[in-house]
Every structure is written in C-alpha cells, then in structure tokens.
Amino acid sequence: MKLDSTGCTDPGLIRTYNQDSYYIDPTGRFFIVADGMGGHAGGEEASRIATQEIRVYLEQNWQSSQSALQLLEQALATANNAIIQDQKDNPQRADMGTTAVVVVIRPSESPVCGHVGDSRIYRLRGTELKQITDDHTWIGKALKMGDLTLDEARNHPYRHVLSSCLGREDLNQVDVQSLDLQNGDRLLLCSDGLTEELIDQKIYEYITEASSLEEAAHKLVEAAREEGGHDNITVVLVSVEM
C-alpha cells in the first residue's frame, strides 16, 4: 500500500490562538488530529500532549505483539492518562481536554482508526464521501435516536456539547474499529472547525475538484475561513494506492 498525505491547520478568523494539533508520520504509518478545549493555554496543551503521547506510544510499540486495534486503544488511553496527570500538576488547566482521531496502517494488518470526541474521519471512495466516525456529542446521540434532523443539528445550541473527550477520569467512550480501504480511496481527518462551516457536499467538491492533495487541503481551510472561520481549522488528507 502506497500512501500520499498532507496536512494544514489555521486558527480561523475569530481566535488568535490555535488549540488544534496534528501529526503525520513521515513513513505513513499513522495520522493524528486533535482539537483541544479548556481555554487558550489549556486547549493548546491538551491537544499537544495527546498528539505527542499517541505518537510516542505508537512509535515505541510498533513492533509489539499487540494487534493494531489494541495498539491504538492503548495509545489513546496513554494520552488520556498523560492529560489527567498534567491537570493534577497544573490546577489552572484542570478543565482542559481534547478530541482525537487517529488512523493506523500496519503492513501486515487491516488498517484501523479510533476517535474520541467530535473530530471526524471521512473516506472518499468514487463519488461517495462517507463519515467513518460518529460524533461523541449530545447532538450525535440525538441524531442516532432520530430526535433531530441534520438541518436541525447544524444550528442546535447543544451542538458543541461533548459526551466524551481525552482528559477525563471517567473516559467511557473510545471507538476503535477496522478501516476498509481500497485503491483510490482518500481519507480526511479534521477538527470541527471544518465541519461546522462546510457541509459534506462542499467538502466532497473541494477534494474532488482539486488537482492535488495539497491544493485540496488548503482549499478546504480557506473555504472554512470564508464561511466564517469561527473555530480553529485542521485538515489531514491521505490518498491510498494499492
């Protein structure tokens, strides 16, 4: 499997600081996006810790006997514990937390992905852009139950209320799953600064109309800014060749 990838992040138009973090493994083994919360310093620190801890755990345990699913579960748990420890060491950051989405691709196993919170992973296959992750939010639960429509959810006052994030002693919602990939697929990992501004159809159009991954990533960020840029915007794109 041959992978091409790119990423970019932007503070948006409202905030002067960026609480998002992302990491692309240079050899294409894994990809991470995290969106922090808890004030300027707290959010930045939470997403930084999560990205670093996940990266280090995956690097140090890449050749372990754990399955890819177990490896990713433990990486997310390690990040959660590290943020909790930092909260204890720095009470001024006691309410910080972060979302996280991660894709792990081991040569000898099926690809896997994991997430906590409302950052998302999409897969573009042919003419279908499919959201792979389910938002860990009050709104996400309401949509699953059929209590809200997508149009109602986009402007609902509770749309930012998370039901799970890293940095909580009672972390109870970590989703890790196998990821079906085929030749020609493209993956999008992003923070909600993108999806709050652009509907899925617009995301699809910007990716498919661009001449390269780099162009697509920058067009997505710029489009989110033009739609208001109310939050930090982070995009990681991955293309798959078998």
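Residues numbered from 1 in each chain as written. Predicted model: local features only at pLDDT ≥ 70, side-chain atom pairs only at ≥ 80, totals over all residues. Heavy atoms only, no water.

Enquirer: Before we move on, could you go through the layout of surface pockets and cite the residues and values that matter?
Expert: Size it by volume and the largest pocket reaches roughly 570 Å³. Taken together, 23 residues make up the lining of the largest pocket; nearest its centre are Arg 120, Gln 131, Asp 135, Leu 143 and Leu 150. When residues of the lining of the largest pocket are traced back to their parent elements, those giving at least two are helix H3 (138-145), helix H4 (150-154) and helix H5 (192-195). Residue composition of the lining of the largest pocket, grouped by class: 6 nonpolar, 6 polar and 11 charged. (1 Å grid on protein atoms, 1.4 Å probe; cavity = no way out; pocket = protein on both sides within 12 Å on 5 of 7 lines; lining within 4 Å. Points joined across faces, edges and corners; volume = space filled by probe spheres on them. Helix = DSSP H or I, 4+ residues; strand = E, 2+ residues; numbered from the N terminus. Nonpolar A, V, L, I, M, F, W, Y, C, P; charged D, E, K, R; others polar.)

Enquirer: So what's going on with helix H1 (residues 40-60)? Which residues, and what values?
Expert: The end-to-end C-alpha separation of H1 is 30 Å, in line with the 30 Å expected for 21 residues at 1.5 Å each. What H1 keeps buried is the set Gly 42, Gly 43, Glu 45, Ala 46, Ser 47, Ile 49, Ala 50, Thr 51, Ile 54, Tyr 57 and Leu 58. Looking at the buried positions of H1, the neighbouring elements they touch are strand S2 (20-24), strand S3 (30-37), helix H2 (68-89), strand S4 (97-98) and strand S5 (100-104). (Expected span 1.5 Å × (residues − 1). Buried < 20%, exposed > 50% of the residue type's maximum accessible area, 1.4 Å probe, protein only. Contact = heavy atoms within 4.5 Å.)

Enquirer: Explain a nonpolar patch on the surface to me, and be specific about the residues and the numbers.
Expert: A grouping of Trp 138, Tyr 158 and Val 161 is seen on the molecular surface, where their side chains present a nonpolar patch of about 310 Å² in accessible area. When you line up the elements, Val 161 lands in the loop between H4 and strand S9 (175-178). For Val 161, a relative accessible area of 43% translates into the label partly exposed. (Patch = residues over 30% accessible without salt bridge, like charges linked within 9 Å, V, L, I, M, F, W, Y side chains within 5 Å. Areas by Shrake-Rupley, 256 points an atom, 1.4 Å probe, with all protein chains shown as cover. Salt bridge = Lys/Arg side-chain N within 4 Å of Asp/Glu carboxyl O.)

Enquirer: Break down the UniProt feature "domain: PPM-type phosphatase" (unreviewed entry) in the chain for me, with residues and values.
Expert: Within this numbering scheme, the UniProt entry marks residues 4-240 as carrying the feature "domain: PPM-type phosphatase" (unreviewed entry). Along residues 4-240 one finds 35% helix and 25% strand; the C-alpha atoms at either end are 7 Å apart. (UniProt positions renumbered as here; feature names shortened; annotations may be inferred.)

Enquirer: Now, about the packing of helix H6 (residues 200-209) against helix H7 (residues 213-226): what can you tell me, with residues and values included?
Expert: In the contact formed by H6 and H7, the axes pass within 8 Å of each other and the chain directions differ by 145 degrees. The hand of the H6/H7 crossing is right-handed. Contacts between H6 and H7 involve Ile 203, Tyr 206 and Ile 207 from the first element and Ala 216, Lys 219, Leu 220 and Ala 223 from the second. (Axes fitted to C-alpha atoms, helices over the stretch in contact; angles between N-to-C directions. Left-handed = near helix turned anticlockwise from the far one by under 90°.)

Enquirer: Give me the lowdown on the pattern of salt bridges, citing residues and values where you can.
Expert: The full count for this structure, using the stated rule, is 14 salt bridges. Note that Arg 29 and Asp 25 form a salt bridge whose closest N and O atoms lie 3.1 Å from each other. Residues Arg 48 and Glu 45 are paired through a salt bridge, measuring 2.6 Å at the closest nitrogen-oxygen approach. Of this pair, Arg 48 and Glu 45 are both found in helix H1, 3 residues apart, which corresponds to roughly one turn of the helix. What makes Arg 48 partly exposed here is its relative accessible area of 36%.

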